[in-house]
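# Summary of structural features
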Amino acid sequence: MTSSDLRLTTYDLRLKHRDRLRLSHRYKFLALFLSLTVVACTQNSEVENSKISVSSASGSSTESRALNIWWDKGFTLEEDEALQRAASRWEQQTGNKVKLSFYPTDELLQKAERAIRAGKPPDLLMSHRAGEELNPRLAWEGKLADVSEAIAPVKQLYPNSVLQAVNFYNNAAKKRSYYAVPIYQATIHIFYWRDLLEQVGRRERDIPKDWDGFWDFWSQVQRDLRAKQKRQIYGLGFPFSMGAVETYFFFEQILEAYDVQILNSQGQLRVDDPEVRQGIVKCLEWYAKFYRQGYVPPDATNWSNPDNNRSLLNRIVLTTPNLTLSIAAAVRQNPNVYRYQLGTIEFPNKPSGKPMRLLVTLRQAVVFNQSQHQKLAKDFLAYLIRPEVTGAYFKAAGGRFLPVNRQVWQDPFWTDPTDPHISTAMKQLTQGQTRSFYHVQNPAYSLVVAENLWGKALNRIVVDRISPEQAADEAIARMKQIFAQWQ
């Protein structure tokens, strides 16, 4: 199959969307719910596995003069169309041309790394995974362009924590600067089915706020639901695979819950400290016990990135952690499911009794030093992050992305108390305690993320049946090797 066979035009996508709407009218609620689940959650479908190229230019000579943008494929059609509209408006305002290509998340990261090695990267890249796994290293190696001029007009609208997260050290130039433009932020949310709780006589107010009580609650509800429904349902949708980046993100949040600090304030490893090692062992043991006790689906050891979403939406699991609001966005078109059946709940207090501090990751766009149209790329990003532009883009995407710009936060869309998901997520980010992931402190940690060392450790415990101590020691040894090589 050629790349042209794989390419879908905007017209093709609109036809698919129209057909899906007709189907929903014909089969009503069930078909609508299933179609939303497929669109939002599976990357194995034709749309998710296809590259979508949208170019306003025609002819190879014209395309060579167009701004070449690679972007993550959205979870919904509306998400991609919103960015296409923003690009089209920029074209109309500036007279420049854009070649905008969408790729599934995993494919995009791999394609970008190949292009960088070949010396032929796109002009601009926005990859969900690159912010943690790639960008800090590229900045260190001097392969990213300084984008301070793009950020400058709206710099005062960003929180300091956001600016720090894109202020990388360039080892080639021996300086720090802004080598990425913040687009949106994400943190771990906990989704669950309200209506399933109601089937066993429970309400959200019954969910404990203490650490042990909170997680034991879902285990008990699993037992009650199985007794009532006579089917296999699991209380917890914890990922355990090396293939799902959610495993890494969620386990890092568990380390934070137990106050296990992997790096010190200078970005140096602390894993030789016996207390840190013991903390890692304790967290691995805590996490793995739910799988061993049968409260997590057995196939969680093989999950890919969308599988925890899929398992919740298909009601295989009662609750699951997720890094974006994609689960809520998947059912947004059904008000009953979105507002009343699906719930988003805050994390419980830490085991110490203190409020949870949430880990926040920043989705960011970068421009390459080898970009053919470096100035155009920076101009486009400066346009995109204007509050009125980025605000419209995020709203059109159904609120899956959480804004980083203070002015965008003021839009009632983000604080509407009748929206149980967006309002809860924004409350977590704007009123609670937060911190960045470790790759912001030290680019070497981006390799810990890329190799998903925590996913490997958990997988080793529940699949290979090694002890949490051995798994911790393997992860620590590899971490030390990564940091030693980085120096």
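One can find the structure itself at the top, above this paragraph.
Here is a short report on the structure shown in this document.

Criteria and cut-off values
Note on numbering: residues in each chain are counted from 1, in written sequence order. With pLDDT at 70 or above as the cut-off, local features in this predicted model cover only qualifying residues; side-chain atom pairs require 80 or more to be listed or tallied, and sums for whole chains, interfaces and linings still use all residues. Each side-chain value is worked out from all heavy atoms of the structure, with water and hydrogens disregarded. In this text, helices come from DSSP runs of H or I with a minimum length of four residues, and strands from runs of E with a minimum of two, each type numbered from the N-terminal end. Only protein chains enter the accessibility calculation, which uses a 1.4 Å probe; a residue whose area is less than 20% of its type maximum is buried, one above 50% is exposed, and one in between is partly exposed. Only heavy atoms enter the contact rule, under which two residues are in contact if any of them lie within 4.5 Å. Computed with a 1.4 Å probe, the accessible areas rest on the Shrake-Rupley method; for each residue, only the protein chains presented here act as cover. The way it works is a 1 Å grid over only the protein atoms, where trapped points that fit a 1.4 Å probe form a cavity and open points with protein on both sides within 12 Å along at least five of seven lines form a pocket, and then any residue with an atom within 4 Å of a point lines it. Grid points are joined across faces, edges and corners, and a volume is the space filled by probe spheres set on the points. Classification convention: Asp, Glu, Lys, Arg as charged; Ala, Val, Leu, Ile, Met, Phe, Trp, Tyr, Cys, Pro as nonpolar; all other residues, Gly among them, as polar. In what follows, salt bridge is the name for a side-chain nitrogen of Lys or Arg lying within 4 Å of a carboxyl oxygen of Asp or Glu. Here, nonpolar core refers to any group of buried Ala, Val, Leu, Ile, Met, Phe, Trp, Tyr and Cys residues whose side-chain atoms link them within 4.5 Å. Pairs of N or O atoms are called polar contacts if they sit within 3.5 Å, as long as, within protein, a hydrogen donor faces a hydrogen acceptor (for residues adjacent in sequence, only side-chain-to-side-chain pairs). A pair of strands is treated as paired once DSSP finds two or more bridges between them. Every axis in this analysis is a line fitted to C-alpha atoms, fitted for helices over the stretch in contact. Angles between the N-to-C directions lie between 0 and 180 degrees.

Time to look at the overall build of the chain. Looking only at helices and strands, one finds 23 helices and 13 strands in the chain. Out of the 487 residues in the chain, the part that is buried amounts to 59%. Put simply, of all contacts in the chain between residues at least 6 apart along the chain, 77% involve residues at least 24 apart. If you sum the accessible surface of the chain, you get close to 20,000 Å²; carbon and sulfur atoms cover 48% of it.

This part takes up empty space enclosed by the protein. With the rule as written, the count across this model stands at 4 cavities of 30 Å³ or more. In this structure, the largest cavity is lined by 19 residues; those nearest its centre are Phe75, Val245, Glu246, Asn305 and Arg363. For the lining of the largest cavity, the residue count by class is 6 nonpolar, 8 polar and 5 charged. When the residues that make up the lining of the second largest cavity are grouped by side-chain class, the tally is 5 nonpolar, 3 polar and 1 charged.

On to the pattern of salt bridges, then. As enumerated under the stated definition, the model contains 26 salt bridges in all. In this structure, the salt-bridge partner of Asp80 is Lys73, at a minimum N-O distance of 2.5 Å. Judged by its relative accessible area of 2%, Asp80 is buried.

The next thing to look at is the environment of Val463. Following the sequence through the fold, Val463 ends up in the loop between helix 22 (453–462) and helix 23 (468–486). Placed 171 residues apart in sequence, Val463 and Arg292 show a C-alpha to C-alpha distance of 10.0 Å.

Below, the discussion takes up the nonpolar core. Most often, soluble globular proteins keep nonpolar side chains buried together rather than apart. Membership of the largest hydrophobic core comes to 161 residues, with the highest contact counts inside it found for Trp215, Ile262, Ile280 and Tyr445. In terms of residue count, the dominant contributor to this core is helix 13 (residues 274–292) (10 residues).

Of note, Asn452 is situated in the loop between helix 21 (445–450) and helix 22. Within polar-contact distance, the side chain of Asn452 engages the backbone oxygen of Met242 at 3.0 Å.

So, on to the pairing of strand 8 (residues 189–193). Among the 5 residues that make up strand 8, 5 are buried, leaving the element largely enclosed by the rest of the structure. When strand 8 meets strand 10 (residues 317–322), the two strands line up antiparallel, connected through 4 bridges. Among the inter-strand pairings, His189 is bridged to a residue of strand 10, identified as Asn322. Relative to strand 11 (residues 342–345), strand 8 is paired through 4 bridges, and the arrangement is antiparallel. The partner of Ile190 across the bridge, within strand 11, is Ile345.

Among all positions in helix 18 (residues 387–396), only Pro387, Val389, Thr390, Gly391, Tyr393 and Phe394 are buried. Where the residues of helix 18 are buried, they touch strand 2 (67–72), helix 4 (77–94), strand 7 (181–187), helix 17 (374–384) and helix 19 (406–409). Once helix 18 finishes, Gly398 follows within two positions and takes phi at roughly 80°, a positive value.

Strand order in this open sheet of 4 strands is 9-10-8-11, and the pairing throughout is mixed. Looking at the sheet topology across the chains shown, the edges are occupied by strand 9 (234–236) and strand 11. The sheet shows a mean angle of 25° between the axes of neighbouring strands, direction not considered. Packed on one face of the sheet, helix 11 (residues 211–229) meets strand 8, strand 9, strand 10 and strand 11 and runs near 170° to strand 9.

Its boundaries defined by the atoms lining it, the largest pocket holds a volume of some 430 Å³. Residue lining of the largest pocket: 23 residues in total, with Glu346, Phe347, Pro348, Lys427 and Gln428 positioned closest to the centre. Going through the elements one at a time, strand 11 and helix 20 (422–431) are the ones with two or more residues in the lining of the largest pocket. If one sorts the elements of the lining of the largest pocket by residue count, helix 20 sits on top with 4 residues. Roughly 270 Å³ of internal volume is contained in the second largest pocket. What lines the second largest pocket is a set of 19 residues, among which Ser161, Val162, Gln185, Val360 and Thr434 lie closest to the centre. At the level of secondary structure, the elements contributing two or more residues to the lining of the second largest pocket comprise helix 9 (160–165), strand 12 (357–367), helix 20 and strand 13 (433–436). Of all the elements, strand 12 adds the most residues to the lining of the second largest pocket, at 4 residues. Here the lining of the second largest pocket is composed, by residue class, of 9 nonpolar, 9 polar and 1 charged.

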